[in-house]
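Structure at a glance
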Amino acid sequence: MDAGFRSLETGHLEDLSLRALAKEVGVTPTAAYNHFADKMALMVEMKTEGFQRFDAFLNSALVSVRDASPEDKVRTLGRAYMNFAFEHPGIFNLIFFWTPEQKYLTDALAQAAACGESLLKGIVAEMLQVDGIELNDYQRSVASFSAWSMVHGITLLLKTGVVDAVTYCGNWPQEFSSQNRESQAHILEHLLEIQIEGLKRVLPGVKP
């Protein structure tokens, strides 16, 4: 598993090979197949652990702001989400850009994939309660979906170079360039502010 994650950090998903990993850790392919039926089974286990590592990363970021307001915790989660994508691109690509065949899906994978959303939904609901906004389950889910979509979308636009293309064409100022990480951090804070204020204004009127 660790060899597989190391491979992801230096290569591509399609290059992952169970035989090559077995050789790297000094065992025969047969020994590896005693633990994983095939490459797909290995990747499912890696995707499950990848989500667990992602969740641990988010929770670790929250530890440093445990006494902060719920709103600051929402901001912290947004920053941590993007930081993970850039610090651990191989794992991020595995958990969000690769989906196993239906027959390989497991309860463990589904539960691991849902942990981050559960964390976000709880903190967003807590943030809105501070302003006296009580949400039903549908509204909490909409709030979580909205905040998650915003940060995930920003992250992908930055990672895939689309923002750089728009900047290069002169549509946006140079502050948006990926070469200017300090300005990008400021822009993320601005977008998080828009998201948070939007949730406070719109959600009370959202009906299931």
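Residues numbered from 1 in each chain as written. Predicted model: local features only at pLDDT ≥ 70, side-chain atom pairs only at ≥ 80, totals over all residues. Heavy atoms only, no water.

Listing the buried residues of helix 1 (residues 2-10) in full gives Ala3, Gly4, Phe5 and Leu8. Where helix 1 is buried, its residues touch helix 2 (18-24), helix 4 (39-63) and helix 6 (89-97). (Buried < 20%, exposed > 50% of the residue type's maximum accessible area, 1.4 Å probe, protein only. Helix = DSSP H or I, 4+ residues; strand = E, 2+ residues; numbered from the N terminus. Contact = heavy atoms within 4.5 Å.)

Scanning the entire structure with this criterion turns up 10 aromatic pairs. Each ring, one from Phe51 and one from Phe96, has its centre 5.9 Å from the other, and the planes form 85°; the classification is edge-to-face. With Phe51 in helix 4 and Phe96 in helix 6, this pair connects stretches of sequence that are 45 residues apart. What makes Phe51 buried here is its relative accessible area of 8%. For Phe96, a relative accessible area of 22% gives the class partly exposed. With a centroid separation of 5.9 Å and 85° between ring planes, the pair formed by Phe54 and Phe96 is classed as edge-to-face. With Phe54 in helix 4 and Phe96 in helix 6, this pair connects stretches of sequence that are 42 residues apart. Take Phe54: its relative accessible area is 5%, and that puts it in the buried class. Every member of this aromatic cluster is reached through a ring pair, and the members are Phe51, Phe54, Phe57, Tyr81, Phe84, Phe92, Phe96 and Phe97. Geometry around Phe5 places Arg53 over its ring, the cationic atom sitting 4.0 Å from the centre. It is Lys159 that lies over the ring of Phe86; its NZ or CZ is 5.7 Å from the centre. (Phe/Tyr/Trp six-rings, centres within 6.5 Å; stacked < 30°, edge-to-face > 60°. Lys NZ or Arg CZ within 6 Å of the ring centre and 35° of its normal.)

Looking now at helix 6. For an α-helix, 3.6 residues make a turn, and residues three or four places apart therefore share a direction. Three or more residues of helix 6 are buried, namely Gly90, Ile91, Phe92, Leu94 and Ile95. For helix 6, the elements touching its buried residues are helix 1, helix 4, helix 5 (70-87) and helix 8 (137-159).

So, about the pattern of salt bridges. This structure, assessed with the given rule, holds 11 salt bridges. Residue Glu49 pairs with Arg53 through a salt bridge whose shortest N-O separation is 2.8 Å. Of this pair, Glu49 and Arg53 both sit in helix 4, four residues apart, which is roughly one turn of the helix. The shortest N-O distance in the salt bridge between Lys121 and Glu117 comes to 3.9 Å. Taken together, the positions of Lys121 and Glu117, both in helix 7 (residues 107-130) and four residues apart, correspond to about one turn of that helix. (Salt bridge = Lys/Arg side-chain N within 4 Å of Asp/Glu carboxyl O.)

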